[in-house]
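Architecture and fold: a report
Now for the letters of each chain:
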Amino acid sequence: MTTKPERKEPISMRLPESDLAMIDRAAKLRGRSRTDFMRDAAVRAAEEAVLESVMVGMSAAAFTDFVAAVSAPGQPVPELVDVLKRPAPWETQSKPKSEE
């Protein structure tokens, strides 16, 4: 069964040249057209706005468990502790002989 292609509606915007230049530069860096870049950015922002406004529902018991979990003291994650103890790359570079 063939589905009908989704109808596309035009959107018109008036932008300062500086905004348009930034958008064009970013689109080029991503290898995208201005239209594709702007559509993706707008849809991503719209999805964020919708997700931020979605209410999460749960039972009273689940809410009590949730509050207990987020109120409890944090527990160290050994693997993360190990990573954070490592010296930064710029701290591990060998010093020039003149500094030794």
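Cut-offs applied
Residues numbered from 1 in each chain as written. Predicted model: local features only at pLDDT ≥ 70, side-chain atom pairs only at ≥ 80, totals over all residues. Heavy atoms only, no water. Helix = DSSP H or I, 4+ residues; strand = E, 2+ residues; numbered from the N terminus. Rg over C-alpha atoms; globule rule 2.2 N^0.38 Å. Patch = residues over 30% accessible without salt bridge, like charges linked within 9 Å, V, L, I, M, F, W, Y side chains within 5 Å. Areas by Shrake-Rupley, 256 points an atom, 1.4 Å probe, with all protein chains shown as cover. Salt bridge = Lys/Arg side-chain N within 4 Å of Asp/Glu carboxyl O. Buried < 20%, exposed > 50% of the residue type's maximum accessible area, 1.4 Å probe, protein only. pLDDT = per-residue confidence, 0-100. Expected span 1.5 Å × (residues − 1). Axes fitted to C-alpha atoms, helices over the stretch in contact; angles between N-to-C directions. Parallel < 35°, antiparallel > 145°, perpendicular 65-115°, else oblique. Contact = heavy atoms within 4.5 Å. Nonpolar A, V, L, I, M, F, W, Y, C, P; charged D, E, K, R; others polar.

1. Examining the overall build of the protein
Counting secondary structure elements, the protein contains five helices and zero strands. Its helices and strands taken in sequence order, the protein reads α-α-α-α-α from the N to the C terminus. Taken against the 2.2 N^0.38 rule, which gives 13 Å for 100 residues, the C-alpha radius of gyration of the protein at 25 Å runs more than 25% over that of a compact globule. A principal-axis box enclosing the C-alpha atoms of the protein has dimensions of 65 × 60 × 40 Å.

2. Some details on a nonpolar patch on the surface
Among the surface-exposed residues, Val 56, Met 58, Phe 63, Phe 66, Val 67 and Val 70 lie close enough to one another that they form a single nonpolar patch of about 570 Å² accessible area. Relative to the helices and strands, Phe 66 resides in helix H3 (residues 60–71). Under the relative-accessibility criterion, Phe 66 is labelled partly exposed at 43%.

3. So, the pattern of salt bridges
Should the charged atoms of two oppositely charged side chains come close, the side chains can pair. This structure, assessed with the given rule, holds four salt bridges. Residue Glu 9 is joined to Arg 7 by a salt bridge in which the shortest nitrogen-to-oxygen separation is 2.8 Å. Taking the relative accessible area as the measure of exposure, Glu 9 reaches 52% and is therefore exposed. Looking at Arg 7, the relative accessible area reads 69%, which means it is exposed.

4. Focus: the confidence of the model for the protein
Scored by pLDDT, the protein has a mean of 90; 91% of the residues are at 70 or more. Within the protein, helix H1 (residues 17–30) carries the highest mean pLDDT (97), whereas helix H5 (residues 89–92) carries the lowest (83).

5. A short note on H3
One turn of the α-helix equals 3.6 residues, which is why residues spaced by three or four share an orientation. The end-to-end C-alpha separation of H3 is 16 Å, in line with the 16 Å expected for 12 residues at 1.5 Å each. Among the 12 residues in H3, zero count as buried, and that is only a small part of the element.

6. Describing the environment of Ile 11
With respect to the secondary-structure elements, Ile 11 resides in the segment before H1. Residues Ile 11 and Ala 27, 16 residues apart in the sequence, show an inter-C-alpha distance of 18 Å.

7. Examining the packing of H1 against helix H2 (residues 34–53)
It is the contact of H1 with H2, at a shortest axis distance of 9 Å, that shows an interaxial angle of 100°. With respect to each other, H1 and H2 are oriented roughly perpendicular. Across the interface between the two elements, Leu 20, Ile 23, Asp 24, Ala 26, Ala 27 and Arg 30 from H1 touch Arg 34, Phe 37 and Met 38 from H2. Within the contact of H1 with H2, the residues separate by chemical class into six nonpolar, no polar and three charged.

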